[in-house]
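Okay, here's what each chain looks like letter by letter:
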Amino acid sequence: MEPLASLTKRKISGTARLTRNSKIFKTIISAIQEKKGEHIVSLDLRQITEAVSDFFIICDATSGPQIKAIADNIEYRVKEATGENVYQREGTQTLQWVLMDYVNIVVHIMLPEQRKFYNLEEMWSDSSVKEHKEP
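About the criteria used
Residues numbered from 1 in each chain as written. Predicted model: local features only at pLDDT ≥ 70, side-chain atom pairs only at ≥ 80, totals over all residues. Heavy atoms only, no water. Core = buried A, V, L, I, M, F, W, Y, C linked by side-chain atoms within 4.5 Å. Buried < 20%, exposed > 50% of the residue type's maximum accessible area, 1.4 Å probe, protein only. Contact = heavy atoms within 4.5 Å. Helix = DSSP H or I, 4+ residues; strand = E, 2+ residues; numbered from the N terminus. Expected span 1.5 Å × (residues − 1). Axes fitted to C-alpha atoms, helices over the stretch in contact; angles between N-to-C directions. Left-handed = near helix turned anticlockwise from the far one by under 90°. Nonpolar A, V, L, I, M, F, W, Y, C, P; charged D, E, K, R; others polar. Pairing = 2+ DSSP bridges.

Undergrad: How do you make sense of the nonpolar core when you look at a structure like this?
TA: Core analysis: the largest hydrophobic core is formed by 26 residues, its most contacted members being Ile28, Ile32, Ile74, Met100, Tyr102, Ile105 and Ile109. Not counting residues within four places of it along the chain, the set of residues in contact with Ile105 comprises Leu18, Ile24, Phe25, Ile28, Ser53, Phe55, Ile57 and Met100. Counting residues in each nonpolar core, the second largest holds 14 residues, with Val41, Trp97, Leu120 and Trp124 among its members.

Undergrad: I'm lost on helix H2 (residues 64-82) in this one. Help?
TA: An α-helix turns once every 3.6 residues. As a result, residues three or four positions apart point the same way. Taking 1.5 Å of rise per residue, 19 residues should cover 27 Å, and H2 covers 27 Å from first to last C-alpha, within 8% of that figure. Looking one or two residues beyond H2, the residue adopting positive phi is Gly83, at roughly 80°.

Undergrad: When you look at the packing of helix H1 (residues 23-34) against H2 in this model, what are you seeing that I'm missing?
TA: For any two helices packed against each other, one specifies the crossing angle of their axes together with the interaxial distance. Running from N to C, H1 and H2 point in directions that differ by 145°, and their axes come no closer than 9 Å. Judged by the sense of rotation from one axis to the other, the crossing of H1 with H2 is right-handed. When H1 is examined against H2, the residues Lys23, Ile24, Thr27, Ile28, Ser30, Ala31, Ile32 and Glu34 are found in contact with a partner set consisting of Ile70, Asn73, Ile74, Arg77, Val78, Ala81 and Thr82. Considered class by class, the residues forming the contact of H1 with H2 number eight nonpolar, four polar and three charged.

Undergrad: Whenever I open this one, the sheet that holds strand S5 (residues 105-110) confuses me. Can you help?
TA: Where strands meet in a sheet, backbone hydrogen bonds hold them as pairs that are either parallel or antiparallel. The mixed open sheet is built from six strands, whose spatial order is S3-S4-S5-S2-S1-S6. Whereas interior strands pair on both sides, the edge strands pair on one side only; in this sheet they are strand S3 (88-90) and strand S6 (128-132). The sheet shows a mean angle of 15° between the axes of neighbouring strands, direction not considered. As paired elements, S3 and strand S4 (residues 97-101) share three bridges and run antiparallel to each other. The partner of Gln88 across the bridge, within S4, is Asp101.

Structural measurements only, silent on function.
Here it is, written out as C-alpha cells:
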C-alpha cells in the first residue's frame, strides 16, 4: 500500500487546529534536524478543504538507516515532549518513504528519489510552504 493511501481512512481530530508554533510541530522539526534530515519543508494545508491534515512536514534522508533514525527520533521526542503517540507509521519495511501520521500533522521522510518522483509539494501546491533551515 502506498503511504498516502492510509490517510483516507482516518478523520482529522476535532481538537484545536495547530499552527507552526505548536509544541508538536516544533518538536518534529527539531527531531528531524537532530538526525540531520535535509530539505525540511512544511506545507500548511489548513485552507485546503480536501486536505487530510493541517500540515505535512517533508524531509529527505540519504539512506534507509537515516530514515529509520529520523522516524525513531520523532516518535521518541514527540512522546517525551507532548505525550502523543503516532497514530500510524508506514513504510518501515522498505525504508524509502516513511509516513508518520499524527492526525493533524503528517510527516514524510523520503529518499531524494522518492521525493522527486512523488513531488508532494507540487501535488499540494495550493498550500503555504515554509523551509526549515538548521538553527
